[in-house]
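Structure assessment
Each chain is listed here by its residues.
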Amino acid sequence: MKQTLEFLLQSALETLKKQGVIDPGIQPAIHIERTRDASHGDFATNLALSLAKPAKQNPRQLAERIVACLPVIPLVTRVEIAGPGFINFFIDPASQFEIVRHILDGGASFGLGTAGAGKRILVEFVSANPTGPLHVGHGRGAAYGSAVADLLEAVGFEVEREYYVNDAGRQMDILTTSIWLRYLEICGEVVPFPSNGYRGEYVRDIASNLHKIVGNDLRHPVELVLEDIPADEHHGGDKEKHIDALIDRAKTLLGSEQYELVFTAGVDEILTDIRDDLHEFGISYQHWFSERSLMDDSSIQQALQHLDQAGYLYQDGGATWFASSRLGDEKDRVVVRDNGQSTYFASDIAYHMNKLDRGFDRIIDIWGADHHGYIPRVKAAIQALGADDAKLDVLLVQFAVLYRGDEKVQMSTRSGEFVTLRQLRNEVGKDACRFFYVMRKSEQHMDFDLKLATAKTNENPVYYVQYAHARICSVFRQLDEKGRTRNIHLGMEGLALLTEDHESALLVTLSKYPEVLEKAAMQYEPHQLISYLRELAYQFHSYYNAHPFLVDDDTLCNARLNLIAAVRQVLANALQLLNIHHPEAM
RNA sequence: GCGCUUGUAGCUCAGACGGAUAGAGCAUCGGCCUUCUAAGCCGAGGGUCGCAGGUUCGAAUCCUGCCAAGCGUGCCA
């Protein structure tokens, strides 16, 4: 419909250019919007207003000239000029009924688009460090990321979902050491636990499982473990120095093979847990990309070599620096520390080079908003590697701030005191989780009151939408119980009888679905789809209360049944897309 | 200090490449179940769009300054 109108306007512009009314060099973007108020017709454009200045003409007069040149087609019954120069289009109401047929013919594929044109797109999301179970903050990234990926797929992109596993670096060493210390406890050693270690219960579980397999093989007397270790924070020392020394001690006492054993026990168990967790949340990845693999296959060296050849690396203070400030970053960044170890950033450069090498048309990274300062340096790296940094879109997700009633819930993976995604799912259910998480714009700060979310009250908007679907199913069950049969064909013939206000409104809303889907996908904003669902559900509930469907007039009855069947189909399609159930009964 | 993000109804939030009278849910108040599920519907109240300027036919939206909140500002990841 919009395309048709755009075509008409384009054609009018051409005519005006030929007539010399408008300078042929002017190429205005044509914006067509749905009107908010029915008195303004069905669609409107501000073309005359935006064209007024470059064409040096009065907007209303210009609008009149445009309208005069518009080709006449039966679909458009009336064109009006309103306000300062809006052009309003009135569409033949008969054409609105067609949407019901489209939807019922299209079924589960109704609404799917082609805007992605088969382009390949990589969506990396969650990518939480494998140092503990996912918490509710990760949950938002998970829900948002998978919704974005699913939306993009729905509009024709070829999507790959990826989880970047940070299985290298200091945090992993802290985890490994924490496990080992808990293991020593199980062996009977009395070990003071470092304040900077991972204190979660899951660390004990991993240690316990490890002990079952290796027995006391990894045991060392605590005196030896703690010998000459600098004091921990609560003994007046530095917690970082303390834990680093413990890590070194673990590596020395265990040797690389045994240390690796503890490390693997930890990563494997935690990753398995994360994988299961996400799977139960309805998310599955095509790739789990290991940071370690970048070290093992010398990808990092290669990436750094590229940067070096491009002239972006230099030495200073024993470290190797990437001159990212030359490419828009605030300052230069270290890629190889003076101790010879490459930084996390170096891994990320190699990782993004790998992403680019895989030939995606577009790359999406979804990060926690606390990483926003990281964007310029990654973009700089992409440029330095000779690629187009516009290929990368970094989407930020604000962590949800948890409340229990009025009390803010403090969270930290290290302290082990946090609400896990699994707990949240168990308490409020997958559907409500999903719905709540993507209901809000991703970069918006979000207050998540556990008390409210875990209270299974009717305030929950997900029920409202699901209920609309269940209600429609119920109507069809009633039809059966009354011994009547549905005649789809008769209903199609009777669509013109759907002239009530509620019906017209529903027809318009239904026809918007593909547009909404496309916009939500292209703007990476699943919350737009949620808003749409709420609107559609509202219009249905309102219709339900205003008019009976199972009326005596068979034609009208079947026309209405076709309409609500179309509503049900769109509700189901959108909910399915968001990985939320569409129950037949509630 | 500097940078990024945010500030819209009592609460939680939509609306932002400038567009017509700024919307929704919750909460509050008043109605609607002998009739397809009341997890619903109908109606009412509720706003200096953080503040102050500027740009123009028109600003919640763009620009400048200020105020407030969150985050960032590591040879951590």
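Residues numbered from 1 in each chain as written. Chains lettered and ligands numbered in written order. Predicted model: local features only at pLDDT ≥ 70, side-chain atom pairs only at ≥ 80, totals over all residues. Heavy atoms only, no water.

**Describing the pattern of salt bridges**
- Applying the stated criterion across every chain yields a total of 25 salt bridges.
- Arg161 serves as the salt-bridge partner of Asp150, at 2.9 Å between the closest nitrogen and oxygen. Separated by eleven residues along the polypeptide, Asp150 in helix H6 (residues 136-154) and Arg161 in strand S6 (residues 158-165) bring together distant segments of the chain. (Salt bridge = Lys/Arg side-chain N within 4 Å of Asp/Glu carboxyl O. Helix = DSSP H or I, 4+ residues; strand = E, 2+ residues; numbered from the N terminus.)

**Topic: the side chain of Glu525**
- Relative to the elements of secondary structure, Glu525 occurs in the loop between helix H20 (501-522) and helix H21 (527-546).
- Not counting residues within four places of it along the chain, the set of residues in contact with Glu525 comprises Lys441 and Ala520. (Contact = heavy atoms within 4.5 Å.)

**A closer look at the side chain of Arg377**
- Structurally, Arg377 can be placed in helix H14 (residues 375-384).
- Here Arg377 is buried and forms no salt bridge, its nearest opposite-charge partner Asp329 lying at an N-O distance of 4.3 Å. (Buried < 20%, exposed > 50% of the residue type's maximum accessible area, 1.4 Å probe, protein only. Lys, Arg positive; Asp, Glu negative; His and termini not counted.)

**Observations concerning the packing of aromatic side chains**
- With the rule as written, the count across this model stands at 20 aromatic pairs.
- For the ring pair Tyr164 and Phe289, a centre distance of 6.3 Å and an interplane angle of 40° mean the geometry is tilted. With Tyr164 in strand S6 and Phe289 in strand S7 (residues 287-290), the pair connects residues that are 125 residues apart, well separated along the chain. Of the two residues examined, Tyr164 and Phe289, each falls in the buried class.
- With a centroid separation of 6.0 Å and an interplanar angle of 50°, the aromatic rings of Tyr344 and Tyr374 are classed as tilted. (Phe/Tyr/Trp six-rings, centres within 6.5 Å; stacked < 30°, edge-to-face > 60°.)

**Points about the environment of Glu500**
- Looking at where Glu500 falls in the secondary structure, it is placed in the loop between helix H19 (488-493) and H20.
- Judged by relative accessible area, which is 32%, Glu500 ranks as partly exposed.
- Sequence separation between Glu500 and His547 is 47 residues, and the spatial gap between their C-alpha atoms is 9.1 Å.
- Contact partners of Glu500, with chain neighbours within four places excluded, come to His547 and Arg560.

**Considering the environment of Met492**
- By the element assignment, Met492 lies in helix H19.
- Among the residues examined, Met492 registers a relative accessible area of 11% and is labelled buried.
- As for Met492 and Glu98, which are separated by 394 residues in sequence, their C-alpha atoms are 9.0 Å apart.

**Focus: the nonpolar core**
- Ranked by size, the top nonpolar core spans 130 residues in total, and within it Leu152 and Trp180 carry the most contacts.
- Discounting residues that sit within four places of it in the chain, Leu152 has contacts with Ile121, Val123, Phe157, Val159, Ile364, Ala521 and Tyr524.
- Residues Ile300, Leu304, Leu327 and Ile375 belong to the second largest nonpolar core, which totals 35 residues. (Core = buried A, V, L, I, M, F, W, Y, C linked by side-chain atoms within 4.5 Å.)

**Comments concerning the sheet that holds strand S5 (residues 120-124)**
- Spatially, five strands are ordered S7-S6-S5-S11-S12 in an open sheet, and the strand pairing comes out parallel. The outermost strands of the open sheet, each flanked by one partner alone, are S7 and strand S12 (392-397). Strand-to-strand twist of the sheet, defined as the mean angle between neighbouring strand axes without regard to direction, takes the value 25°.
- As judged from the four bridges shared by S5 and strand S11 (residues 362-368), these two strands associate in the parallel manner. What sits directly across from Glu124, in S11, is Asp365.
- Contacting S5, S6, S11 and S12, H6 runs over the sheet at an angle of about 155° to S6. (Pairing = 2+ DSSP bridges. Axes fitted to C-alpha atoms, helices over the stretch in contact; angles between N-to-C directions.)

**Let's talk about the protein's contact with RNA strand B**
- Close contacts around RNA strand B come from 64 residues, with His31, Tyr464, Tyr467, Ser474 and Tyr544 the closest.
- The backbone of Gly317 places a nitrogen or oxygen atom 3.1 Å from a base nitrogen of RNA strand B.
- Within the side chain of Arg471, one N or O atom sits 2.5 Å away from a phosphate oxygen of RNA strand B.
- Elements supplying a minimum of two residues to the surface near RNA strand B: strand S4 (86-91), helix H7 (170-187), strand S9 (319-322), strand S15 (446-449), helix H18 (461-481) and H21.
- Its residues assigned to classes, the surface near RNA strand B shows 25 nonpolar, 20 polar and 19 charged. (Near = heavy atom within 4 Å. Polar contact = N/O pair within 3.5 Å; in protein donor to acceptor, adjacent residues only side chain to side chain. Nonpolar A, V, L, I, M, F, W, Y, C, P; charged D, E, K, R; others polar.)

**A closer look at the state of the cysteines**
- A full pass over the atoms with the stated rule returns zero disulfides.
- In this structure Cys473 is a free cysteine whose sulfur lies 16 Å from that of Cys557, the closest cysteine sulfur available.
- Take Cys473: its relative accessible area is 6%, and that puts it in the buried class. (Disulfide = S-S within 2.5 Å.)

**Brief notes about the pairing of S12**
- The sheet contact formed by S11 and S12 spans six bridges and is parallel. The residue of S12 that forms the bridge with Ile363 is Leu392.
- In the classification by handedness, the crossover that spans S11, the intervening H14 and the parallel S12 is right-handed. (Right-handed = clockwise from strand over helix to strand, strands pointing away.)

**Brief notes about the environment of Gln569**
- Residue position: Gln569 is located in helix H22 (residues 554-577).
- Note: C-alpha distance between Gln569 and Leu507 (62 residues apart in sequence) is 13 Å.
- The residues touching Gln569, leaving out its near neighbours within four places in the chain, are Ile103, Gly107 and Ala108.

**Quick notes on the sheet that holds strand S10 (residues 333-336)**
- Taken in spatial order, the three strands line up as S8-S9-S10 in an open sheet, and their pairing is antiparallel. Looking at strand neighbours, the two that pair on one side only are strand S8 (313-316) and S10, the edges of this open sheet. If you compare each strand with its neighbour and ignore which way they point, the axes differ by 45° on average.
- As judged from the four bridges shared by S8 and S9, these two strands associate in the antiparallel manner. Each bridged residue has a counterpart across the sheet, and for Gln315 the counterpart in S9 is Thr320.

**Looking at helix H3 (residues 59-69)**
- Among the residues of H3, those classed as buried are Leu62, Ala63, Ile66 and Cys69. Down the axis of H3, the buried set is contained in an arc of 130°. They therefore lie on one face.
- As for H3, its buried residues are in contact with helix H1 (2-18), helix H2 (47-55), strand S3 (76-82) and S4. (Arc of directions from axis to C-beta.)

**Some thoughts on the confidence of the model for chain A**
- The pLDDT averaged across chain A works out to 90; a share of 95% of its residues lies at or above 70.
- Reported confidence for the predicted complex is 0.93 by ipTM and 0.92 by pTM. (pLDDT = per-residue confidence, 0-100.)

**What about H7?**
- For H7, built from 18 residues, the straight-helix expectation of 26 Å at 1.5 Å per residue is met to within 8% by its first-to-last C-alpha distance of 25 Å.
- Most of H7 sits inside the fold, with 14 of its 18 residues counted as buried. (Expected span 1.5 Å × (residues − 1).)

**Some words on unusual backbone geometry**
- Here the phi dihedral of Val126 falls at roughly 70°; this positive angle occurs in a residue that is not glycine.
- Residue placement: Val126 occurs in the loop between S5 and H6.
- On the basis of relative accessible area, Val126 is assigned to the buried category, the value being 15%.
- Notably, Asn579 is not glycine yet its phi reads approximately 65°, a positive angle.
- By the element assignment, Asn579 lies in the segment after H22.
- Judged by relative accessible area, Asn579 falls into the partly exposed class, the value being 22%.

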